[in-house]
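Here are the chains, one letter per residue:
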Amino acid sequence: MAPSSLLTAVTASLCLFSALTIDDIQKQATINANKVLEGTLSDGLTRGANCNKNTVSIRKEYGDLTKDERLEYIRAVKCIRSKPSKLPAGKYPGAKTRYDDFVVVHMNMTPSVHSTANFMHWHRYYIWAYETALKTECDFKGSQPYWNWGKYSDLPTSPIFNGDEWSMGGNGENVKHSGGMMGIPPGEGGGCVTKGPFGNLTVSLGPLMSTMDPALGIKANSQRDGYGNNQRCLRRDVNNHYMASSLKPTNLASHITSNTAIGTFQTTLQNDTPQMSAIHSSGHFSIWGDPGGDVYVSPGEPTFWLHHGQLDRHWWMWQNYLEASLKARTSMYEGGTNWLNPYSAKGKVTDKQWLSVVAPTGQDGLPSNQLFSTIAGPFCYVYQ
Ligand SMILES: *[C@@H]1O[C@H](CO)[C@@H](O)[C@H](O)[C@H]1NC(C)=O
Ligand SMILES: [Cu+2]
């Protein structure tokens, strides 16, 4: 081997060794978060004595839950779907259940919590409120699980979507349909979900911004704002379109390692380019369907919380995996306050965030700087 090609080979292998995998990033984030909990590393925030290594809850990947843990989660989700709405009667005719309250709040908040400074923060708050409702209103014994985007190369047969009794229900029935936004080709679903725990589920709010093939004939809502009662089946088109591109483990790792400020971190997470759809939308469009593919109404899809749990985990890994920048990254905040207006007021860390009727008691209107860390403010959880 000529010296120059030897050098190339050595350099190449060094690069291979120095590229952190997403598993390395998760491990480092766990180590550093534990140091913060032990008080040997500062994140610049103060925390009460009631959040420590013994009390912190651990959010796990859905496929890593035991079968009993999955059944317990499914039970709690079904329970919240069976409780009555707490919204003012008649104001939102499509809001029948306590679960629908979460969908309505998201529909109301959509323009101010996407592509804005509080995108990550508000959704962290919102998922925690859901997890809290499962615990306080349905006696849920576990923690909110997440879907690790890079884990399954065949999503329809994953433990989340394989349709067995421990899954979140199956794919939609295979119906002929065309693809949608951003060049997504149709997958093997497109019809109603009929198998597993959420088989034959009825949804009522929306659609508001459907991305499914109009030829499927999904019934329009009687109200322009999507709040009318529009009973129809839950549809999915679980597909692998993004598994080998934007949701590949190496792409997820490089998204974390290549962005050093929260502005570029959250913008590149959300902004699709002609070359590649962004990570956030890729996750939504891997489940797709109705209402899963509708930015306003997507929480009506029961796996919304697994996808957004992972989005929160992605941010948590980015905040925590480097000991030297953990403190700075924890409190970074950047961006506007309205998704359609690039000149909207800049978000401030003291801006209050609103959850309305889905806020846990006494916990509505917390400022963004209370939502910086998963182990400060109202939160006490880490990811595994
Ligand atoms: C959904 O409805 C279809 C048709 O009635 C039925 O065959 C199927 O077993 C149902 N699925 C569930 C999970 O109840
Ligand atoms: Cu959202």
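Look a little higher up for the structure.
Treat the numbers as computed from the prediction; the structure is a model and nothing was measured.

Some words on the overall build of the chain
Secondary structure assignment for the chain yields 10 helices and 6 strands. Its C-alpha atoms give the chain a radius of gyration of 21 Å, near enough to 21 Å, the size a compact globule of 384 residues would have. Projecting the C-alpha coordinates of the chain onto the three principal axes gives extents of approximately 70 × 55 × 50 Å. Across the 384 residues of the chain, 54% fall into the buried class. Excluding contacts between residues fewer than 6 apart, the proportion of contacts in the chain whose partners are at least 24 apart in sequence is 71%.

Some remarks on helix α2 (residues 22-38)
With 17 residues, α2 ought to run about 24 Å at 1.5 Å a step, and its terminal C-alpha atoms sit 24 Å apart, in line with that. G39 sits one or two residues past α2 and shows a positive phi near 85 degrees.

Description of the state of the cysteines
With the rule as written, the count across this model stands at 3 disulfides. Residue pairing for C79: its cysteine sulfur links by disulfide to C138, the two sulfurs lying 2.0 Å apart. On the S-S bond that ties C79 to C138, the torsion sits near -80 degrees, and the link is left-handed. In this pair, C79 sits in helix α3 (residues 67-80) while C138 sits in helix α5 (residues 119-138), placing the two residues 59 residues apart along the sequence. For C79, a relative accessible area of 15% gives the class buried. Exposure remark for C138: the relative accessible area of 4% places this residue in the buried category. Each bonded cysteine of the chain is numbered by sequence order, and under that numbering the disulfide pairs are 1-6, 2-3, 4-5.

Things to note about the coordination of the copper ion (ligand 2)
Around the copper ion (ligand 2), the protein contributes the donor atoms H106 (NE2), H114 (NE2) and H123 (NE2), which lie 2.1 to 2.2 Å from the metal centre. Counting gaps between the donor residues of the copper ion (ligand 2) yields the pattern H-x7-H-x8-H. The burial state of H114 is the same as that of H123; both residues are buried.

Describing the site of ligand 1
Taken together, T194, G196, G199 and N200 make up the full set of residues adjacent to ligand 1. Between a nitrogen atom of ligand 1 and a main-chain N or O atom of T194, the distance comes to 2.8 Å. Contact distances for ligand 1 include 2.3 Å between an oxygen atom and a side-chain N or O atom of N200. Taking 370 Å² as the accessible area of ligand 1 by itself, protein coverage stands at 30%. Along the lines of polarity and charge, the residues of the shell around ligand 1 split into no nonpolar, 4 polar and no charged.

Parameters at a glance
- Residues numbered from 1 in each chain as written.
- Chains lettered and ligands numbered in written order.
- Predicted model: local features only at pLDDT ≥ 70, side-chain atom pairs only at ≥ 80, totals over all residues.
- Heavy atoms only, no water.
- Helix = DSSP H or I, 4+ residues; strand = E, 2+ residues; numbered from the N terminus.
- Rg over C-alpha atoms; globule rule 2.2 N^0.38 Å.
- Buried < 20%, exposed > 50% of the residue type's maximum accessible area, 1.4 Å probe, protein only.
- Contact = heavy atoms within 4.5 Å.
- Expected span 1.5 Å × (residues − 1).
- Disulfide = S-S within 2.5 Å.
- Donors = N, O, S within 2.8 Å, 3.2 Å for Na, K, Ca; no water.
- Near = heavy atom within 4 Å.
- Polar contact = N/O pair within 3.5 Å; in protein donor to acceptor, adjacent residues only side chain to side chain.
- Areas by Shrake-Rupley, 256 points an atom, 1.4 Å probe, with all protein chains shown as cover.
- Nonpolar A, V, L, I, M, F, W, Y, C, P; charged D, E, K, R; others polar.

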